[in-house]
Amino acid sequence: LGSHPIDVSKYGVLYAASHKNFSTSGICYTIIRKDLISERAQMRAMPTMCNWLTFQRAPNKIYNVPVLVSVWLGALNTEWMIERGGVEFFEELAIRRSNLLYDIIDHSNGFYRTFVTKDAFRSRMQVVFTIRSGSGADHELVEKFLI
């Protein structure tokens, strides 16, 4: 969320959790193509939270009470991102930052180690790594690193 542009016209449903990148936990954003919000498109045994007709037909299109602070923080973050250049700016920033970390990890002669070695699968938002093996004596080093 917020790390690269998405052509929403290519999808019927986009579902994104806001935590870590966009707001606090507890908020999920859903973009649903209108033709999918119909009796014909719904499955019979659909859980309420996945039944888009329930939400579409609810008063003011709000079926449950959202976590308002999280919604507000998401709106503030959106405004802040737009002021700084929008998604394109933050995509480039995420690439630069993650590349800095991956470069340090990849050139540490095994001191730092990532479990994701193929560039195509490396996250721009969460660089996962450990110190050496991460277990045994190395686990103590990891614990010191985390303090």
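Quick summary incoming for the structure in this document. Quick caveat, the model's predicted, so the values are computed rather than measured.

Turning to the overall build of the protein, a few remarks are in order. Check the secondary structure of the protein and you find four helices and four strands. Relative to a compact globule of 147 residues, whose C-alpha radius of gyration would be 15 Å, the protein shows 20 Å and is clearly more extended. Counting only C-alpha atoms, the protein reaches 60 × 40 × 30 Å along its principal axes. The buried share among the 147 residues of the protein stands at 22%. Here the contacts in the protein between residues at least 6 apart in sequence split such that 33% fall between residues at least 24 apart.

For the rest of this paragraph, the subject is the side chain of S98. In this fold, S98 is placed in helix α3 (residues 86–106). If near-sequence neighbours (up to four positions away) are discounted, S98 is found in contact with S123, R124 and V127.

Tallied over the full model, the rule gives seven salt bridges. With a shortest N-O distance of 2.8 Å, E39 and R57 are connected by a salt bridge. Of this pair, E39 sits in the loop between β2 (28–32) and α1 (52–57) while R57 sits in helix α1, and the two are 18 residues apart along the sequence. By relative accessible area, which is 53% here, E39 ends up exposed. Between D119 and R122 there is a salt bridge, with its nearest N and O atoms 3.8 Å apart.

Glycine aside, residues mostly have negative phi, and peptide bonds are mostly found in the trans state. In this structure, K61 is a non-glycine residue whose phi angle is positive, near 60 degrees. When you line up the elements, K61 lands in the loop between α1 and α2 (68–83). If you check the backbone angles, N109 has positive phi at about 55 degrees while not being a glycine. Its place among the elements puts N109 in the loop between α3 and β3 (112–113). On the basis of relative accessible area, N109 is assigned to the exposed category, the value being 80%.

Further remarks concern a nonpolar patch on the surface. Together, I6, V8, Y11 and I31 make up a nonpolar patch on the protein surface, roughly 370 Å² of accessible area in all. The residue I6 is located in the segment before β1 (13–17) in this model.

Here the focus is the side chain of D138. Inspection of the secondary structure assignment puts D138 in helix α4 (residues 137–146). In this view, D138 contacts I131, R132 and S133; residues no more than four positions away in its chain are not counted.

Another aspect to go through is the packing of aromatic side chains. Under the definition given, this model contains eight aromatic pairs. Note on F111 and Y112: the rings are 4.9 Å apart at their centroids and 85 degrees apart in plane angle, and the pair reads as edge-to-face. We classify F111 as partly exposed; its relative accessible area is 27%. Of the residues examined, Y112 reaches a relative accessible area of 23% and is grouped as partly exposed. On the basis of an interplanar angle of 65 degrees and a centroid distance of 6.5 Å, the ring pair of Y112 and F145 is categorised as edge-to-face.

Within the secondary structure, C50 is located in the loop between β2 and α1. Look at C50 and you get partly exposed, because its relative accessible area is 38%. The spacing of C50 and I104 is 54 residues in sequence and 42 Å in space, taken between C-alpha atoms.

Cut-offs applied
Residues numbered from 1 in each chain as written. Predicted model: local features only at pLDDT ≥ 70, side-chain atom pairs only at ≥ 80, totals over all residues. Heavy atoms only, no water. Helix = DSSP H or I, 4+ residues; strand = E, 2+ residues; numbered from the N terminus. Rg over C-alpha atoms; globule rule 2.2 N^0.38 Å. Buried < 20%, exposed > 50% of the residue type's maximum accessible area, 1.4 Å probe, protein only. Contact = heavy atoms within 4.5 Å. Salt bridge = Lys/Arg side-chain N within 4 Å of Asp/Glu carboxyl O. Patch = residues over 30% accessible without salt bridge, like charges linked within 9 Å, V, L, I, M, F, W, Y side chains within 5 Å. Areas by Shrake-Rupley, 256 points an atom, 1.4 Å probe, with all protein chains shown as cover. Phe/Tyr/Trp six-rings, centres within 6.5 Å; stacked < 30°, edge-to-face > 60°.

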